[in-house]
Amino acid sequence: MLKLFLLFGLEGETLLYAGMAAGAVVLLIVVLAIVLGVRAGKKRKSTKSELTAQPPQPQQEPVEAPAPEQPVEAVEPAPEESVQSESEPELDEPVQLEAKPVFDEVPESEEVSAPISESEPVVEPEPEEPVQSEPEPEPEPENLTPVSEEDDSDDKDDDKEETEEEEKIRKVARIDGHVRYIIIKYNKSFTAKIIQSSDVVKNYYSEIKNELLSYKGVKARMSWKGETFYSGRTTYAKLCVRGKCLGLFLALDAKDYAESKYIVDDMSEIATYEKTPCLYRIKNDRRVKYSKELIATVMGDREQLPEPEVCNWAEKYPYEEIQPLVDRGLIKELTEEDAQSGDVFLPRDCVLANEVDELMQDDVAVALVEETEEFSDKTKSDIVNIDTLSKCFEKGETATLEEMKKRIPAINRKATYIKVLARGTLDKKLTVIADSFSIEAVKMILLTGGNVVKKKNS
């Protein structure tokens, strides 16, 4: 160092100062080295502490499947030791191999089901096995058939309607000046019953008739009570409408089908069905099928036509009301004096407008309104009240438009159309001829024994 100073020509005090500066630099270097050494030592200690702290934190061990699964097996005291001894030497093997048998042994534990369900989706196929076993036994439709047959066993309910060949209708009529209810009986032919039957019954009739006519030599004959199917002198079947269903009478013994799927009735005690005593009611499509089987039985060895003619008989019988059928002679109207049920009402001396609805029904009032051949003229209309007619006319008189104009000043003398309204009181018998009436006015006139005559609408 001294040689360096001498080279630069430093002498005396200058050399002294230079030496001091050099010593200070060396001292500074030493201090820095000490500081750095201390910091390095602290870092080493911290790293050592971290290294020592890491080994006790091996959280990987609880992650392993056998560690949490072993306490679950503690439910069974005997196999605890065997499970632990087996799980310890097999740590080097994949954990999944140990988890599978444990899951199979303890499938009911709630704690194990959560973690294992994530790693093993084997849980899903287990509920599929009972699902497959449920649909396999499906003998249920067998029970449906007898139930439907039992539902059809309500044939007896139709017997009440079937025994009544005549239908009764109550009408209102005027006999010897008295208003009376008349019981009118209708005796319908088989043709009329088919005409007024539902479309379902008509379709059954058409199908069964085509089936019967499909056998060789079989012909049909229509009568008042039914349609007979025969060949020569042999009668095979007969169709009738009984109640609301089609009845098939066959030349079979009903006793032979007592405990069969065919629900039949024995009609042998009735002389009309002596040749065809076995009754089978056709109510649904299944019974149509069964009826064809019975027809095949009654036909025996008779062969069917190779190409039978199929006709839509339902189209030949469109629906008609009673009166046209009466006019054609397909329905007989039987009106008997003995069938009269007595007076509908007794005439009253006085009646109020506000009480007529309680004394007479509307249909009775409408039925008793008479009609003239004269047509109404609506050029100029006017009205009149019942109480006014009661004041201006005497008992037994006939109130016409011309008489009303003469006796009632309130009516327009040029009126050509008059309507009668109910008001006040009527205390006498009158015959009123007018163009229109309120239903209450009609009742007031009828209840006092009078007559209501209405003109025709032009």
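All values reported here derive from a predicted model rather than from experimental measurement.

A. Structural detail: the sheet that holds strand β8 (residues 278-282). Spatially, the 6 strands line up as an open sheet ordered β3-β4-β5-β6-β8-β7, and their pairing is antiparallel. Every interior strand has two partners, whereas the edge strands, β3 (219-222) and β7 (264-266), have only one. Each strand axis lies, on average, 25° off the axis of its neighbour in the sheet, ignoring direction. Relative to β8, β7 is paired through 3 bridges, and the arrangement is antiparallel. The residue bridging Val-264 from the neighbouring strand is Tyr-280, located in β8.

B. Quick look at a nonpolar patch on the surface. On the surface, a nonpolar cluster with roughly 340 Å² of combined accessible area is contributed by Val-26, Val-30, Ile-34 and Val-38. Following the sequence through the fold, Ile-34 ends up in helix α2 (residues 13-53).

C. Structural context of the pairing of strand β14 (residues 417-421). One ladder, built from 5 bridges, connects strand β12 (residues 381-385) with β14; its direction is parallel. Directly across from Asn-385, in β14, lies its bridge partner Leu-421. Where β14 meets strand β17 (residues 436-437), 2 bridges bridge the pair, whose relative direction is parallel. Of the residues in β17, the one forming a bridge with Lys-419 is Ser-436.

Definitions and limits used
Residues numbered from 1 in each chain as written. Predicted model: local features only at pLDDT ≥ 70, side-chain atom pairs only at ≥ 80, totals over all residues. Heavy atoms only, no water. Pairing = 2+ DSSP bridges. Helix = DSSP H or I, 4+ residues; strand = E, 2+ residues; numbered from the N terminus. Axes fitted to C-alpha atoms, helices over the stretch in contact; angles between N-to-C directions. Patch = residues over 30% accessible without salt bridge, like charges linked within 9 Å, V, L, I, M, F, W, Y side chains within 5 Å. Areas by Shrake-Rupley, 256 points an atom, 1.4 Å probe, with all protein chains shown as cover. Salt bridge = Lys/Arg side-chain N within 4 Å of Asp/Glu carboxyl O.

By themselves, these figures tell us nothing about what the structure is for.
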